[in-house]
Amino acid sequence: SQQGEEDPQALSIQEGENATMNCSYKTSINNLQWYRQNSGRGLVHLILIRSNEREKHSGRLRVTLDTSKKSSSLLITASRAADTASYFCATAERGANSKLTFGKGITLSVRP
Amino acid sequence: NAGVTQTPKFQVLKTGQSMTLQCAQDMNHEYMSWYRQDPGMGLRLIHYSVGAGITDQGEVPNGYNVSRSTTEDFPLRLLSAAPSQTSVYFCASNTRGRPFEQYFGPGTRLTVT
């Protein structure tokens, strides 16, 4: 069963704009991660936020976590055409022995 | 480091045929996993391993076998291919020290006719 559900399913923005993607989940988690997948490639880990953290930054990425609402958001600032990809949230449940559960993904298109 | 490698990149099978998807990693990671990715379904865990000689089932294990005789290799065997197994297969690995940050291979695109 899918744990993470991303929203929206697809997003199209102009280069330079910010992109915000959301993820909701159902159970208690140890951490939540975001991955990027370029067309025809494997997934690449972007950022991890632990359940006791509320916000984390990495370069142009900002991720927030609200465990009371069981939701997370990924913000990409000053988007570039190279950010065009699919983005997935993945949750690691407590005691799940390293297993990750992935959402269905968000397709981001950044128009030059 | 080559990271996580998968072979073949593409494969076409007929229904009922068997084959093995290969996965290897050179990062000395203890954990390895197999996922399948289908349109609109995200990634679903097939099998995973927390070390040599130890494997366990994921969300969609039926029709697949795995074994882990070495730390480096984690092959996925399709016993009798079915059209429902048409998918893109990804192998991933991670270390016990950072257990949840997974490194993915480039994938194998499998078509079963």
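Structure: see above.
Residues numbered from 1 in each chain as written. Chains lettered and ligands numbered in written order. Predicted model: local features only at pLDDT ≥ 70, side-chain atom pairs only at ≥ 80, totals over all residues. Heavy atoms only, no water.

1. Some thoughts on the pattern of salt bridges
All names here are of chain B.
Then, number 1: Evaluation of the coordinates by the stated rule reveals five salt bridges over all chains.
Then, number 2: Residue Arg36 pairs with Asp38 through a salt bridge whose shortest N-O separation is 2.9 Å.
Then, number 3: It is possible to trace a salt-bridge network through shared partners that takes in Arg36, Asp38 and Arg44. (Salt bridge = Lys/Arg side-chain N within 4 Å of Asp/Glu carboxyl O.)

2. Things to note about the interface of chain B and chain A
Then, number 1: Contacts between the two partners involve 21 residues from chain B and, on the opposite side, 22 residues from chain A.
Then, number 2: For the pairing of chain B and chain A, the buried interface totals around 1,700 Å² over both sides, and the portion due to carbon and sulfur atoms is 54%.
Then, number 3: Ranking the residues of chain B by area buried against chain A places Leu43, Phe100 and Phe104 of chain B at the top, with a combined share of 35%.
Then, number 4: Remark: the boundary between chain B and chain A carries zero salt bridges.
Then, number 5: Between the two partners, chain B and chain A, sit two residue pairs in polar contact (both at pLDDT 80 or more).
Then, number 6: Elements with a contribution of two residues or more to the side of chain B that touches chain A: β4 (31-38), β5 (42-51) and β9 (87-94) of chain B.
Then, number 7: When its residues are assigned to classes, the side of chain B that touches chain A shows 12 nonpolar, six polar and three charged. (Contact = heavy atoms within 4.5 Å. Buried area = accessible area lost by both parts, 1.4 Å probe. Polar contact = N/O pair within 3.5 Å; in protein donor to acceptor, adjacent residues only side chain to side chain. Helix = DSSP H or I, 4+ residues; strand = E, 2+ residues; numbered from the N terminus. Nonpolar A, V, L, I, M, F, W, Y, C, P; charged D, E, K, R; others polar.)

3. Digging into the sheet that holds strand β1 (residues 4-7) of chain B
Strand pairing in a sheet is mediated by backbone hydrogen bonds. Such pairs are either parallel or antiparallel.
All names here are of chain B.
Then, number 1: If you walk across this open sheet you meet the four strands as β1-β3-β8-β7, and the pairing is antiparallel. The sheet is open, and its two edges are formed by β1 and β7 (64-66), each paired on a single side. When strand polarity is set aside, the average angle formed by the axes of neighbouring strands in this sheet is 20°.
Then, number 2: As paired strands, strand β3 (residues 19-25) and strand β8 (residues 76-78) are joined by three bridges and run antiparallel to one another. Along β8, the bridge assignment pairs Thr20 with Arg77. (Pairing = 2+ DSSP bridges. Axes fitted to C-alpha atoms, helices over the stretch in contact; angles between N-to-C directions.)

4. Comments concerning the pairing of β5 of chain B
Across a regular strand the side chains alternate sides, sitting on one face of the sheet and then on the other.
Residues and elements named next belong to chain B.
Then, number 1: With respect to burial, β5 is a largely interior element, 10 of its 10 residues being buried.
Then, number 2: Between β4 and β5, which pair antiparallel one after the other, the connecting turn spans three residues, and Gly40 there sits at a positive phi close to 75°.
Then, number 3: For β5 and strand β6 (residues 54-57), the ladder comprises three bridges, and the chain directions are antiparallel. Within the sheet, the bridge partner assigned to Gly51 lies in β6 and is Ile54.
Then, number 4: In this structure, the hairpin formed by β5 and β6 is closed by a connection of two residues, where Gly53 is found at a positive phi of approximately 85°. (Buried < 20%, exposed > 50% of the residue type's maximum accessible area, 1.4 Å probe, protein only.)

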